[in-house]
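Commentary on secondary and tertiary structure
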Amino acid sequence: MERATRFLAELAPQARRMLEYLLCNPGRRIHCTELVDMALGGPTEGAPAQRVAGVVGGMSKGHSNSGRRLPFYWWEAPEGSAGATYAVRPSVAAVFLAAQLGAA
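Residues numbered from 1 in each chain as written. Predicted model: local features only at pLDDT ≥ 70, side-chain atom pairs only at ≥ 80, totals over all residues. Heavy atoms only, no water.

**Some remarks on the nonpolar core**
- Ranked by internal contacts, the top residues of the largest apolar core, which has 29 residues, are Met-18, Val-52, Met-59, Phe-72 and Tyr-86.
- Where this core is concerned, the elements lending two or more residues are helix H1 (2-9), helix H2 (13-23), helix H3 (32-39), helix H4 (48-57) and helix H6 (90-103).
- When residues of this core are assigned to their parent elements, the largest contribution, 6 residues, is made by H2.
- Once residues within four sequence positions are removed from consideration, Met-18 is found in contact with Leu-35, Ala-39, Leu-40, Val-52, Val-55, Val-56, Met-59 and Phe-72. (Core = buried A, V, L, I, M, F, W, Y, C linked by side-chain atoms within 4.5 Å. Buried < 20%, exposed > 50% of the residue type's maximum accessible area, 1.4 Å probe, protein only. Helix = DSSP H or I, 4+ residues; strand = E, 2+ residues; numbered from the N terminus. Contact = heavy atoms within 4.5 Å.)

And the structure:
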């Protein structure tokens, strides 16, 4: 719980919104276009895959300072399609949601 709280404290607003969306949909694979549309405020310049990858890259400070891995998995797009999918395990979502409530 402590490492989850530390991880959350280091997140930029966009990274927090993306993670919160994943946490509210535990166990479900979510395509990067859905993350952009539902968590990151809709399309902007650039492709959704690159936008999400940039947000994930911005989580590196929380990742290194908390001493834990990223709290989600991702899968590359199948050949011939674009954009990765992301998911959080239900057990990990429970820890992070509890950490969020404890920090509120």
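**Thoughts on the pattern of salt bridges**
- Applying the stated criterion across every chain yields a total of 3 salt bridges.
- One salt bridge connects Glu-34 with Arg-28, and the closest N-O pair in it is separated by 2.6 Å.
- A relative accessible area of 34% places Arg-28 in the partly exposed class. (Salt bridge = Lys/Arg side-chain N within 4 Å of Asp/Glu carboxyl O.)

**A word on the packing of aromatic side chains**
- Counted under the stated rule, the structure contains 4 aromatic pairs.
- Judged by centre distance (6.4 Å) and plane angle (35°), the rings of Tyr-73 and Trp-75 are tilted.
- Look at Tyr-73 and you get partly exposed, because its relative accessible area is 32%.
- Every member of this aromatic cluster is reached through a ring pair, and the members are Phe-72, Trp-74 and Tyr-86.
- The ring of Trp-75 has Arg-29 sitting right over it, with the charged end atom 3.7 Å from the ring centre.
- Note that Arg-69 overlies the ring of Tyr-73, its terminal NZ or CZ placed 4.5 Å from the centroid. (Phe/Tyr/Trp six-rings, centres within 6.5 Å; stacked < 30°, edge-to-face > 60°. Lys NZ or Arg CZ within 6 Å of the ring centre and 35° of its normal.)

**Considerations on the packing of H2 against H4**
- Interaxial distance between H2 and H4 falls to 9 Å at its minimum, and their mutual angle equals 105°. Relative to H4, the element H2 is oriented roughly perpendicular. Of H4, the residues touching H2 (which contributes Gln-14, Ala-15 and Met-18) are Arg-51, Val-52, Val-55 and Val-56.
- The residue inventory of the contact of H2 with H4, partitioned by class, reads 5 nonpolar, 1 polar and 1 charged. (Axes fitted to C-alpha atoms, helices over the stretch in contact; angles between N-to-C directions. Parallel < 35°, antiparallel > 145°, perpendicular 65-115°, else oblique. Nonpolar A, V, L, I, M, F, W, Y, C, P; charged D, E, K, R; others polar.)

Spatial relationships are all this shows, so hold off on functional conclusions.
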